[in-house]
Amino acid sequence: MRALVISGGGSKGAYAGGVAQHLIQEQGKKYDLFLGTSTGSLLLPHLALGDVDKVYELYTNVNQKKIFNINPFIIRRKDNREFVSINFFSSLVQFIKRKRTFGESKNLRKTIQRNFSEAEFLMAQQNVKDVVVTVSNLTKNRTEYKSIKEYSYKDFLDWIWISCNYVPFMSLVTKDDCEYADGGFGCMVPIREAIKRGATTIDAIILESEAMKQNKILGKNPFSLMVNLFSYMLDQVERHDTVVGKLAATHKDVTLNLYYTPSRLTENSLVFNKKLMTSWWKQGFEHAAEKMRNADDNKLK
């Protein structure tokens, strides 16, 4: 069985969309399994239906308002780089309401439902072997994988939304008497889970560069420093998942193809910029094309 795995990465999901477009439309790859975390979970239902054009429309038109009903960020730009500082007003509102997060992402749940209908859900449920999203169960301190085959339409939309909730900047969700957050806290790249579910060939899109070539600029206030620290933590989880995935693939004789970003795309993946995301989609498409050309050249040698 062939599986498509997409890591977490917020707005960098546009890059993954470009890679997936080339894999599906240009290389003609057919996938049985689709597994993703966070932004990967948003991409996969439509990719499972082969609706690449819809994914492009979504990822090149999303903005902060479609994600946050309470936005914890103020974005400032200097020398083509983006810097994040706290939105003191929204944080005060959250404090007054006795909430435990700086922001709320209920608009994202509405966006998911508007763009993935029940008819599409049933079609994906019936036509592919599985679509699986990763979530973090904070109450039971474990990573969980939610299959489209096991849930109703509304429940599965909840799991997609939960997979994307980057706490404490987005919503902390209570479901089935447990509190859940972004799947990336437990598993950023679910390669090993794909192997457990029977994948023999895996294309994994990892929304980070193999080697960091640009120094990060750490935040100048406690809030922006916290964003940097969470980013660092998820980078380490991602590297761990990739190493474990490679070892599992070698042990099980699974063909594993990795697609990284050529460079660090953004300082904060919770910033959604139409121009940048359109550019990243194109970069992803071109990177997949170049990888295929190099593979063909190596075969000829």
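On a predicted model such as this, the values are computed, not experimentally measured, just so you know.

Calculation rules
- Residues numbered from 1 in each chain as written.
- Predicted model: local features only at pLDDT ≥ 70, side-chain atom pairs only at ≥ 80, totals over all residues.
- Heavy atoms only, no water.
- Helix = DSSP H or I, 4+ residues; strand = E, 2+ residues; numbered from the N terminus.
- Rg over C-alpha atoms; globule rule 2.2 N^0.38 Å.
- Buried < 20%, exposed > 50% of the residue type's maximum accessible area, 1.4 Å probe, protein only.
- Contact = heavy atoms within 4.5 Å.
- Areas by Shrake-Rupley, 256 points an atom, 1.4 Å probe, with all protein chains shown as cover.
- Pairing = 2+ DSSP bridges.
- Salt bridge = Lys/Arg side-chain N within 4 Å of Asp/Glu carboxyl O.
- Expected span 1.5 Å × (residues − 1).
- Disulfide = S-S within 2.5 Å.
- Patch = residues over 30% accessible without salt bridge, like charges linked within 9 Å, V, L, I, M, F, W, Y side chains within 5 Å.
- Lys, Arg positive; Asp, Glu negative; His and termini not counted.
- Charge placed at Lys NZ, Arg CZ, Asp CG, Glu CD.
- Core = buried A, V, L, I, M, F, W, Y, C linked by side-chain atoms within 4.5 Å.

Draft legend 1. Up close: the overall build of the chain. Scanning the chain from N- to C-terminus turns up 11 helices and 10 strands. Against the globule reference of 19 Å for 301 residues, the chain gives a C-alpha radius of gyration of 18 Å, in line with a compact fold. Each of the three principal axes of the chain carries a C-alpha extent, and together these read 60 × 45 × 35 Å. Residues classed as buried in the chain amount to 54% of the 301 residues present. A sequence separation of at least 24 residues applies to 77% of the contacts in the chain between residues at least 6 apart. For the chain, the exposed area adds up to about 14500 Å²; of that, 52% sits on carbon and sulfur atoms.

Draft legend 2. Spotlight on the pairing of strand β6 (residues 142–147). Relative to β6, strand β5 (residues 130–137) is paired through 6 bridges, and the arrangement is antiparallel. Each bridged residue has a counterpart across the sheet, and for threonine 134 the counterpart in β6 is tyrosine 145. As consecutive antiparallel partners, β5 and β6 are separated by 4 residues, and within that stretch asparagine 141 has a phi angle of approximately 55 degrees, a positive value.

Draft legend 3. Just the environment of glutamate 238, in detail. Structurally, glutamate 238 can be placed in helix α10 (residues 222–251). Residue glutamate 238 is classed as buried on the basis of its relative accessible area, which comes to 4%. For glutamate 238, the residues in contact, after removing those within four places along its chain, are Ser7, Gly8, Met188, Val189, Ile206, Leu207 and Glu208.

Draft legend 4. Spatial organisation of the pattern of salt bridges. By the definition in use, this model includes 12 salt bridges. In this structure, glutamate 120 and lysine 54 form a salt bridge, with 2.9 Å as the shortest nitrogen-oxygen distance. Taken together, the positions of glutamate 120 in helix α7 (residues 118–127) and lysine 54 in helix α3 (residues 52–59) put the pair 66 residues apart, joining distant regions of the chain. Owing to a relative accessible area of 15%, glutamate 120 belongs among the buried residues under this scheme. In this structure, glutamate 144 and lysine 146 form a salt bridge, with 2.8 Å as the shortest nitrogen-oxygen distance. Each member of the salt-bridge network shares a partner with another, and the members are Arg109, Asp155, Asp158 and Lys175.

Draft legend 5. Quick peek at α10. When the terminal C-alpha atoms of α10 are compared, their 43 Å separation across 30 residues agrees well with the 44 Å that a helix rising 1.5 Å per residue should span. Count one or two residues on from α10 and you reach aspartate 253, which has phi positive near 60 degrees.

Draft legend 6. A look at the state of the cysteines. Under the criterion given, the structure shown has 0 disulfides. Sulfur of cysteine 164: no disulfide; nearest cysteine sulfur belongs to cysteine 187 and is 14 Å away. For cysteine 187, a relative accessible area of 7% gives the class buried.

Draft legend 7. Expanded view of a positive patch on the surface. Among the surface-exposed residues, Lys66, Lys97, Lys99, Lys106, Lys110, Arg114 and Lys274 lie close enough to one another that they form a single positively charged patch. By residue number, the principal contributor to the positive patch is helix α6 (residues 106–115), which donates 3 residues. Inspection of the secondary structure puts lysine 66 in helix α4 (residues 64–67).

Draft legend 8. Focus on the nonpolar core. Among the nonpolar cores identified, the biggest contains 80 residues, and Leu4, Phe34, Leu47, Ile202 and Ile205 are the most heavily contacted of them. Residue contacts for leucine 47: discarding those within four places in its chain leaves Leu4, Ile6, Ala20, Ile24, Phe34, Val52 and Val55.

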